[in-house]
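Coordinates in review
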Amino acid sequence: MSKKNKEIAVIGLGVFGTALVKSLAKESSRVIAVDNNMDHLEEVQNITTNAVCFDATDPAQLKSHGIMDADIAVIAIGEHFEPVVLIAMQLIQAGVKVYARANSVTQEQILKKIGVFEIIHPERQVAERMGITLHRQGIEDLLDIGDGLSVFEVDTPISMLNKTLDELALRKRYGINILTIKRTDDSGENETTEESKKYYSIGIPDGSTRLQAGDKIILLGNKKDCDKMLDVI
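Below is a short write-up of the structure. Computed from a predicted structure; not experimentally measured.

So, how was this worked out
Residues numbered from 1 in each chain as written. Predicted model: local features only at pLDDT ≥ 70, side-chain atom pairs only at ≥ 80, totals over all residues. Heavy atoms only, no water. Helix = DSSP H or I, 4+ residues; strand = E, 2+ residues; numbered from the N terminus. Buried < 20%, exposed > 50% of the residue type's maximum accessible area, 1.4 Å probe, protein only. Contact = heavy atoms within 4.5 Å. Areas by Shrake-Rupley, 256 points an atom, 1.4 Å probe, with all protein chains shown as cover. Pairing = 2+ DSSP bridges. Right-handed = clockwise from strand over helix to strand, strands pointing away. Phe/Tyr/Trp six-rings, centres within 6.5 Å; stacked < 30°, edge-to-face > 60°. Lys NZ or Arg CZ within 6 Å of the ring centre and 35° of its normal. Expected span 1.5 Å × (residues − 1). Arc of directions from axis to C-beta. Polar contact = N/O pair within 3.5 Å; in protein donor to acceptor, adjacent residues only side chain to side chain.

Turning our attention to the overall build of the protein. Helix and strand counts for the protein stand at nine helices and eleven strands. Residues counted as buried form 38% of the 233 residues belonging to the protein. Sequence separation of at least 24 residues holds for 55% of the intrachain contacts in the protein that already meet a minimum separation of 6. Of the roughly 13,900 Å² that the protein leaves accessible, carbon and sulfur atoms contribute 50%.

Here's what the structure looks like:
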């Protein structure tokens, strides 16, 4: 028997909260969208059947609308911090796993003290990913797993070409795992642009796999370790 989808409440439908609801809906998650402004709910009413307008600082309302029974609550309110704390305290007490938005180090410290599971910094996280992309040509941050780990796509550096994974020993030297390698099916007979190239995954590579020109490596590791690797090689 498959486990039921987790019910996730998103409280605060600004730019970040609305984008999160849309993303969760695409993944077929059971989403409750909450805001105290009916205008903010209009944009998500067509993608979730559970969009409700009420003041989420009221514990009675949180209970009556089922928010205290949710598996996860994301408090995405960005304008004022006091409601974030009040809502988080009520939901944590009810046993809900709470993710909450913070706009400063002080806010982050307060939220950690009251038991928020994870702190969200949307602008900072976007800036960090963009910084990596701008600083490192040929590296893309595909997925932030949490706890400092990410999945990266990296254009194979010249110094790695024609070397096997055993020879590179990336896991031993940097703590980085290669998940797969994307290889172009371009034969080189026709001139192609980067956008027009078609890539396929070679599957799970082994130690004898040799990197070729044009390969893209899919890595799992710590961001700092990945950056260190690219500095050295």
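Structure's up, so let's keep going.
Burial analysis of strand 5 (residues 97–101) places four of its five residues in the buried class, the great majority of the element. Note: strand 4 (residues 72–75) against strand 5, four bridges, orientation parallel. Pairing of I72 across the sheet is with K97, part of strand 5. Handedness of the crossover joining strand 4 and strand 5 through helix 4 (residues 82–93) is recorded here as right-handed. Following the chain from strand 5 across helix 5 (residues 105–113) to the adjacent parallel strand 6 (residues 118–120), one finds a crossover that is right-handed.

A separate point is the packing of aromatic side chains. For the coordinates displayed, the defined rule picks out one aromatic pair. Positioned above the aromatic ring of F117 is the side chain of K97, whose terminal nitrogen or guanidinium carbon lies 4.4 Å from the ring centre. Above the plane of the ring of Y199 lies K182, whose end atom (NZ or CZ) is 6.0 Å from the centre.

With twelve residues, helix 1 (residues 15–26) extends 17 Å between its outermost C-alpha atoms, agreeing within 8% with the 16 Å of an ideal straight helix rising 1.5 Å per residue. When helix 1 is considered as a whole, its buried residues turn out to be G17, T18, V21 and L24. Angular distribution of buried residues about the axis of helix 1 spans 130 degrees; they occupy a single face of the element. In helix 1, the exposed positions that point more than 90 degrees away from the buried face belong to V15 and K26. Residues of helix 1 that are buried make contact with strand 1 (7–11) and strand 2 (30–35).

With that settled, the discussion passes to the environment of D35. Turning to its location among the elements, D35 is positioned in strand 2. Through-space distance from the C-alpha of D35 to that of A76 is 10.0 Å; in sequence the pair is 41 residues apart. Dropping the residues within four chain positions of it, D35 is found in contact with G12, L13, H40, L41, V52, C53 and F54. Side-chain polar atoms of D35 contact the backbone nitrogen of L13, separated by 2.7 Å.

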